[in-house]
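# Understanding the architecture of this molecule
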Amino acid sequence: MTAIRPHEALAQAYDGITAVVTPLDDAGLQRPTRCRGWLVADLLFHVLCDAQRALVALASPAPGPADVDDVSYWRAFTPGGDDEASTKHAWWARRSAAAFDRPTGVVRIWSDTAPAAVRAAAAADPDGHLTTQGHVLRVPDFLATLTTEAVIHHLDLVVDLPGAPLPAEAPTRVAVATVDGLLSDDAVRPTGWDDRDYLLKATGRVPLTDRDRLELGEAAGWFPLLG
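Now for a quick tour of the structure. (Residues numbered from 1 in each chain as written. Predicted model: local features only at pLDDT ≥ 70, side-chain atom pairs only at ≥ 80, totals over all residues. Heavy atoms only, no water.)

### Details of unusual backbone geometry
Among all residues save glycine, negative phi is the norm, and among peptide bonds the norm is trans. In this structure, the amide linkage connecting Gly64 to the following residue, Pro65, adopts the cis form with an omega of 5 degrees. Topologically, Pro65 is positioned in the loop between β1 (61-62) and α3 (83-98). Each neighbour pair has its own omega, and for Phe223 with Pro224 the value is -5 degrees, a cis peptide bond. Although it is not a glycine, Gln133 sits at a positive phi angle of roughly 50 degrees. (Helix = DSSP H or I, 4+ residues; strand = E, 2+ residues; numbered from the N terminus.)

### Points about the pattern of salt bridges
Overall, the coordinates contain eleven salt bridges when judged by the stated rule. With its nearest N and O atoms 2.8 Å apart, the salt bridge here joins Asp156 to Arg205. A residue pair is termed long-range when its members are at least 10 positions apart, and Asp156 in helix α5 (residues 139-157) and Arg205 in the loop between α7 (195-202) and α8 (210-216) qualify at 49 residues. Asp156 sits in the buried class, given a relative accessible area of 0%. Between Asp212 and Lys201 there is a salt bridge, with its nearest N and O atoms 2.6 Å apart. Here Asp212, found in helix α8, pairs with Lys201, found in helix α7; they are eleven residues apart in sequence, far enough to count as distant. (Salt bridge = Lys/Arg side-chain N within 4 Å of Asp/Glu carboxyl O. Buried < 20%, exposed > 50% of the residue type's maximum accessible area, 1.4 Å probe, protein only.)

### A few points about the environment of Asp141
Take Asp141: it is sitting in helix α5. For Asp141, a relative accessible area of 10% puts it in the buried group. C-alpha of Asp141 to C-alpha of His129: the two residues are twelve residues apart in sequence and 9.3 Å apart in space. Setting aside chain neighbours within four positions, we find Asp141 in contact with Asp69 and Asp70. (Contact = heavy atoms within 4.5 Å.)

### Re the sheet that holds strand β3 (residues 135-138)
Pairing is antiparallel in the open sheet, where three strands are placed in the order β1-β2-β3. Here the strands that pair on one side only, and so sit at the sheet edges, are β1 and β3. With two bridges joining them, β1 and strand β2 (residues 129-132) adopt antiparallel strand pairing. Considered in β2, the bridge of Pro61 is made with Leu130. Taken strand by strand, helix α2 (residues 40-58) contacts β1 and β2, and its axis lies near 130 degrees from that of β2. Against the sheet, α5 makes contact with β2 and β3, and its axis sits at roughly 100 degrees relative to β3, the strand it touches most. (Pairing = 2+ DSSP bridges. Axes fitted to C-alpha atoms, helices over the stretch in contact; angles between N-to-C directions.)

### Focus on the packing of α2 against helix α4 (residues 104-123)
Here α2 crosses α4 at 30 degrees, and the two axes come no closer than 9 Å. Accordingly, the angle class assigned to the pair α2 and α4 is roughly parallel. For the pair α2 and α4, the crossing hand works out as left-handed. Contact residues: Ala41, Leu44, Phe45, Val47, Leu48, Ala51, Gln52, Ala54, Leu55 and Leu58 in α2; Val106, Val107, Ile109, Trp110, Thr113, Ala114, Ala116, Ala117, Ala120 and Ala121 in α4. (Parallel < 35°, antiparallel > 145°, perpendicular 65-115°, else oblique. Left-handed = near helix turned anticlockwise from the far one by under 90°.)

### Brief notes about the pairing of β2
Working note: regular strand, side chains alternate between the two faces of the sheet. On β2, burial follows the alternation: Leu130 and Thr132 on one face are buried, whereas His129 and Thr131 on the facing-out side are not. Here β2 pairs with β3 via four bridges, running antiparallel. Its bridge partner lying in β3, Thr132 is registered against His135. Connecting β2 to the antiparallel partner β3 that follows it, the hairpin turn spans two residues, and Gln133 within it adopts a positive phi of roughly 50 degrees.

### A closer look at the environment of Val118
Relative to the elements of secondary structure, Val118 occurs in helix α4. On a C-alpha basis, the gap between Val118 and Leu143 in space is 9.4 Å, while along the polypeptide they are 25 residues apart. Ignoring sequence-local partners within four residues, the contact set of Val118 consists of His7, Leu10, Ala11 and Tyr14.

### What about the side chain of Arg53?
On the secondary structure map, Arg53 appears in helix α2. A polar atom in the side chain of Arg53 sits 2.9 Å from the side chain of Asp50. Leave out the neighbours within four places in its chain, and Arg53 touches Tyr73, Thr132, Gln133, Phe142 and Leu146. (Polar contact = N/O pair within 3.5 Å; in protein donor to acceptor, adjacent residues only side chain to side chain.)

### Focus on the packing of helix α1 (residues 6-21) against α2
Running from amino to carboxyl end, α1 crosses α2 at an angle of 155 degrees, the nearest separation of the two axes being 12 Å. As judged from the angle between their axes, α1 and α2 are roughly antiparallel. Like other packed secondary-structure pairs, α1 and α2 cross with a definite hand, here left-handed. For the pair α1 and α2, the contacting residues are Tyr14, Ile17 and Val21 in the first and Val40, Leu44, Val47, Asp50 and Ala51 in the second. Along the lines of polarity and charge, the residues of the contact of α1 with α2 split into seven nonpolar, no polar and one charged. (Nonpolar A, V, L, I, M, F, W, Y, C, P; charged D, E, K, R; others polar.)

Geometric descriptors of this kind do not, in isolation, establish any biological role.
The structure is reproduced here in structure tokens:
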């Protein structure tokens, strides 16, 4: 299959989220997600903050070299590494989303911001560097981090939305490549896992079964790989 450019994968990832949330009414936006304590509108607000951060980062070029790539970037976000900070952010996102008159207000801002972030990504120098969250990354690597987070949160969004579309194949491949990079070269992905299983289990959304642990061996102790 022809390789897809990083900004195109991000566009498909963001379009996928838009396809999930746009048809929802206020009640639908208040359904639960896989993220503890967050409703759909709360989680959408969190992803909206990512798109806003993308706009800032893409306008913040750095001379390079990069100090992290699309895989090592995630090692600063060890699952359970700072529970207090995670709890504070979760509460802040809930209060921020609740500040809208109606949950659909978050969707309106997302629908304006996500395409703007994608346009900025398409216009960015693919050989350039930028700065975000205290790191310097190559532009393609930064876009891969955004895509990975969007795909995982897309799966979080649809847990209580039967019939909602799942992430597209191209951005899912980006997320899978990220998780592959976090997994040791010596570890073998269990044969029964499809990409969705892999992402949900690698991020701790779904627990490992006894069979999973048997197939993973020592590598089972490294899960979750990503929070």
